[in-house]
Structures are given as structure tokens and as C-alpha cells.
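Next come the chains, spelled out residue by residue.
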Amino acid sequence: NSGNIGNHSFLQEVMPLKIVHSGTITEDVNGQKKTVVRLAGRFQHGNKPNANGRIYETNILKSAVAALQEDIKSRRVLGELDHPTDAKIHLNQISHLITKLHMEGDEVIGELEVIDKTPCGAILKGLVESGVSIGISSRGVGDMEPVMVEGTEYNRVLEGFSFVTFDVVADPSISGAYLNILESKNRNLDKNKKLAESIKNREIDILSEINKYLKGL
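Computed from a predicted model, the values in this text were never measured in an experiment. (Residues numbered from 1 in each chain as written. Predicted model: local features only at pLDDT ≥ 70, side-chain atom pairs only at ≥ 80, totals over all residues. Heavy atoms only, no water.)

## Description of the sheet that holds strand S11 (residues 152-157)
Part 1 of the argument: With mixed pairing, three strands are arranged side by side in an open sheet as S5-S11-S10. The sheet is open, and its two borders are formed by strand S5 (54-55) and strand S10 (144-149), each paired with just one other strand.
Part 2 of the argument: In the sheet, S10 pairs with S11 via six bridges, with the strands oriented antiparallel. In the strand pairing of S11, Val-147 is matched with Tyr-154. (Pairing = 2+ DSSP bridges. Helix = DSSP H or I, 4+ residues; strand = E, 2+ residues; numbered from the N terminus.)

What follows is the structure, encoded as C-alpha cells:
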């Protein structure tokens, strides 16, 4: 997804959150014991086209990750549940806090802490505890230019791009994880349609036979 913010573009990228670590721990927060749910995994990747036809070079991502470190340490990078349509942080949608973000090769690896005292945070905690697959959606602001890669046009994100935050979503669009389910549903719909047509045709045949019988009386 994209839109315009002033002279820059609002960029959203969605990918499945492949959780490499999750855990519920008890920490001492302000002198009180608190249970914290944390998730860690790949938040973004670089140097290859994504599902939205954009390419983030690794050095662009590296700069954006570095620029966010101070806010992360100050616990100011809040994330939302579902797809916000702008670069603003909507407090009524807050579900988690970004606690770590760093580069590993071409990948952005992050960690989030679920804020289960908010309505959306409680929903996220329930989804995670129920084993529901979730996606991570980056929100950022920057400029792009068209480039050709092996005969296909993509948009390359330019220097100066910055992350706003990372949101949790239920539709990791680039994974294809739901494709088999959708195909299965389509197959079932086709089967049901054919069955309904078969029943309808059979009913027509039966009515025809009844009419022939009645006419012969």
C-alpha cells in the first residue's frame, strides 16, 4: 500500500511474521511483577522485490533501523493491530511496543512486546496464545523511483526513507499461506455448484417423466 504525505510517499509492506522466539516471562517493572508476552522474528527484507513491487536496498533499511534506535530505547515506538491508512499513531488501536530492531544480512529482525492492557493488545495476546498465524506490516515514509529488473518494472525506495513503526496484521500477503485454503474453498464451491446443477437437472428429468406419465393416462 502507498499514499502521499507532503512530498513523500506513505509506504506499507506486509509479510508473514516467522516467529523465531516467543515467550511469556515475568519481569520486575516499577517494583511490580509483570507477565510480558514477546515475539521476535523477521520484520522486513531488502535487496529483492516484495509483493508490492518495491525494492528496499539493504543500506536504506540499515539507515532506517539506525534512526529508530533512540525511540525504541525510550519505549516510544508503538504498533497497532490491523492496517492503519496513514502514518499517524492511533492510540485506540495500540497493541504492542517495538523493543528491539537490528539488521542481520539483508533482513530486519525485530522484537515486540504485547501490551495486553489495551483492547487491541488483549486481542493480539489471545491470537498468539491460540497459535494464529500473524503478519507484520512496516509503516514508513520515503521517495521512490522506477527501475527495470530483468524486464520487469519495480519501484526502488530511495535514501531518506524512514520507518514509522511496525503493525500486526492477520493477512501476511506475500507468504501464500492462505492460498491453499482459498483454493480448497474454491474447489468446494465448484463441487457444490456441480452438485446443485446435477440435482436440478435430475429434478427436471423427474418432472418430465411425471408429465409424460400424466399425459398418457
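## Concerning the confidence of the model for the chain
Part 1 of the argument: Residue-level pLDDT values for the chain average 77, and 66% of them are 70 or greater.
Part 2 of the argument: Across residues 1-6, confidence stays below pLDDT 50; counting only partners more than four residues off in sequence or on other chains, it has 17 contacts.
Part 3 of the argument: Low pLDDT (under 50) marks residues 173-196, which in the prediction has eleven contacts with non-local residues, meaning those over four places away or in another chain. (pLDDT = per-residue confidence, 0-100. Contact = heavy atoms within 4.5 Å.)

## Remarks on the side chain of Thr-58
Part 1 of the argument: Note on placement: Thr-58 falls in helix H1 (residues 58-73).
Part 2 of the argument: Here the side chain of Thr-58 touches Asn-47 through a polar contact of 2.9 Å, side chain to side chain.
Part 3 of the argument: At 2.6 Å, the side chain of Thr-58 and the side chain of Asp-106 are in polar contact.
Part 4 of the argument: Dropping the residues within four chain positions of it, Thr-58 is found in contact with Gly-46, Asn-47, Met-103, Gly-105 and Asp-106. (Polar contact = N/O pair within 3.5 Å; in protein donor to acceptor, adjacent residues only side chain to side chain.)

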